[in-house]
Amino acid sequence: MMDNLFADRVKGLKGSAIREIFKLIQQPDVISFAGGLPAPEMFPAKELAEIAQEVLLNNGTTALQYSVTEGYGPLKEIVKQRMDKAGIGKKEDDIAIMSGGQQGIDLTAKVFLNEGDGIICENPSFIGALNAFRAYNAKLFPVTLENDGMCIEQVENILKANNHVKLIYTIPTFQNPAGITMSLEKRQKLLEMASKHNIYIIEDNPYGDLRFKGQDVPTIKSMDQDGRVIYVGSFSKILSPGLRLGWIVARSDILQKVIIVKQVNDVHTNIFAQVLATQYLLKYCIDEHIKKIRALYGKKCGFMLECMDKYFPDYCEYTRPEGGLFIWCTLPDRYDSVEIMKQSVQHKVAFVPGNTFMADMEKPCSSFRLNYSTMTEEKIEQGIKTLGEVLKSIDN
Ligand SMILES: Cc1ncc(COP(=O)(O)O)c(C=O)c1O
């Protein structure tokens, strides 16, 4: 068999259920709560079109030429100012532009993880990160995700057992897929533990700016005194995911290693996209833009929750996020969300079954993820009503 030639590191990797679902969502009559896509009406397409023309006519030499691996200077400067404002990064830290946060996670994993090294992650967690860690043949140590973030006792026990753990991967704010935000106390404890056991934390924060309710909680990176945290940011959810722009803030010695592996990986992040974003950020107020996104998502999330309260059976529990893109629903253990998805797709409603986000994807999971950012209120109501009927019918 030809696939016997595949490297061990990819043999265990499976295409995600999401990709299969993507094929279904292409059908126009499907109401999809499956993707994690930002609302397209929020893309500043007209503004970017004007800037693109200007950039190509006046700054084509920069925008079309090879560039430096660490990122376009003016964009790094803008990101630095934003990070400084949020208290992220000390003088020992530096910033590099990445081809999306995804690359930041992947390259950080590449810099730290030997085969068999341990990485602690929330269970459930972001599949793009889990697959990056799997691809390095790292050992995942899944930790239960509680309502206020990952279970710290479990983290402590794993570290005490000395499992060659080098990294903790967390999405502390508006977690994907659960929409949960880690408490300040847990953030502090996680930092203490990283220091005590001499390991690093990857703080992945693509949704942090998308709070539509409640109070901000300080990022772990902002409390990091001794360079334990590698912070990953992204323009995907506040500007456009198609531009593929993200960044890392980390101690400069760590960042240097990341830059070396990035050079091998893609030489540099698309410089046209970097110049385009820079000009946009110089010309327009991104915070005003973010305000609009927050208002829209807050409204859609609130509406979806109202519909769920009305149409879902009582035994279905769900998170009530204060930001981000996702609601996480949990049914009693006897349900398998893959089976429910198969039925709901028959009724033209799609979502992502929970096992997709688990360290052990084979185990049946009674939870599932709903996205509220892309559908109209009319479709949200129709889709949630249908899903509620599917859930109730399964019980009969
Ligand atoms: C938690 C999390 N991290 C990282 C990413 C990757 O984002 P980017 O588009 O910046 O690569 C995503 C994308 O959905 C995500 O949900």
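The structure this text deals with has already been given above.
Residues numbered from 1 in each chain as written. Predicted model: local features only at pLDDT ≥ 70, side-chain atom pairs only at ≥ 80, totals over all residues. Heavy atoms only, no water.

1. Let's talk about the site of the ligand
Note the threshold: We call a residue near a molecule or strand when any one of its heavy atoms sits within 4 Å of it. The definition of a polar contact used here is a pair of N or O atoms within 3.5 Å, where within protein one atom must be able to donate a hydrogen and the other to accept one, and adjacent residues in sequence count solely through side-chain atom pairs. Note on areas: Shrake-Rupley with a 1.4 Å probe; residue coverage comes only from the protein chains shown. The secondary structure listing takes helices from DSSP runs of H or I that are at least 4 residues long and strands from runs of E that are at least 2 residues long, numbered from the N terminus. We call Asp, Glu, Lys and Arg charged. Ala, Val, Leu, Ile, Met, Phe, Trp, Tyr, Cys and Pro are nonpolar, and the rest, Gly among them, are polar.
Around the ligand there are 14 residues in total, and G101, D204, Y207, S234 and S236 lie nearest to it. G101 is positioned such that a nitrogen or oxygen atom in its backbone is 2.7 Å from an oxygen atom of the ligand. Contact between the ligand and R244: an oxygen atom at 2.8 Å from a side-chain N or O atom of the residue. Taken by itself the ligand offers 390 Å² of open surface, and the protein chains cover 91% of this. For the shell around the ligand, the element with the most residues is helix α6 (residues 100–112), which contributes four residues. Of the residues contributing to the shell around the ligand, the split by class is five nonpolar, six polar and three charged.

2. Focus: unusual backbone geometry
Here the bond from N123 into P124 is cis, since omega is 15°, no more than 30 degrees from zero. Residue placement: P124 occurs in the loop between β3 (118–123) and α7 (127–135). The amide bond that connects N176 to the next residue, P177, takes the cis arrangement and shows omega of 15°. By the element assignment, P177 lies in the loop between β6 (165–170) and α9 (184–196). A positive phi angle is found at N137, which is not glycine, with a value near 55°. If you trace the backbone, N137 turns up in the loop between α7 and β4 (139–146).

3. Focus: a nonpolar patch on the surface
Rules: Residues qualify for a patch when their relative accessible area is over 30% and they have no salt bridge, like charges being joined within 9 Å and the nonpolar side chains of Val, Leu, Ile, Met, Phe, Trp and Tyr within 5 Å. In what follows, salt bridge is the name for a side-chain nitrogen of Lys or Arg lying within 4 Å of a carboxyl oxygen of Asp or Glu.
Side chains of F6, V10 and L13 sit close together on the surface and give an oily, nonpolar patch of about 240 Å² of accessible area. In this structure, L13 sits in the loop between α1 (8–11) and α2 (17–25).

4. Details of the packing of aromatic side chains
Any aromatic ring pair is given by two values, namely how distant the centres are and how the planes are angled relative to each other. Here is the rule we go by: Put simply, two rings from Phe, Tyr or Trp (the six-membered ring, in Trp's case) pair if the centres are within 6.5 Å, and we call them stacked under 30 degrees between planes, edge-to-face over 60, tilted for the rest. Lysine and arginine charges are scored as sitting over a ring when NZ or CZ, respectively, is within 6 Å of the ring centre and within 35 degrees of the ring normal.
Applying the stated rule across the entire model yields 10 aromatic pairs. For K139, the ring lying beneath its charged end belongs to F141, and the centroid distance is 4.9 Å. R228 extends its terminal NZ or CZ atom over the ring of Y200, reaching a point 5.4 Å from the ring centre.

5. Looking at the nonpolar core
We count it as follows: Working definition of a nonpolar core: buried Ala, Val, Leu, Ile, Met, Phe, Trp, Tyr and Cys residues. They are joined through side-chain atoms within 4.5 Å. Throughout, exposure labels follow a simple rule: accessible area from a 1.4 Å probe, protein chains only, divided by the maximum for the residue type, with under 20% read as buried, over 50% as exposed, and the rest as partly exposed. Delimitation of the domains relies on an automatic or database domain assignment. Throughout, a contact is declared for two residues whenever any of their heavy atoms are within 4.5 Å.
One finds M308, F312, I327, L370 and I384 to be the most contacted residues of the largest nonpolar core, which totals 68 residues. When residues of this core are assigned to their parent elements, the largest contribution, 11 residues, is made by helix α12 (residues 286–311). When residues of this core are assigned to domains, at least three map to each of domain 1 (2–43 + 288–395) and domain 2 (45–283). Ignoring anything within four residues of it in the chain, the contact list for M308 reads Y318, I327, C329, L370 and I384. Formed by 30 residues, the second largest nonpolar core is a distinct cluster that contains L107, A109, Y136 and V258.

All quantities given are derived from atomic positions and should not be read as evidence of function.
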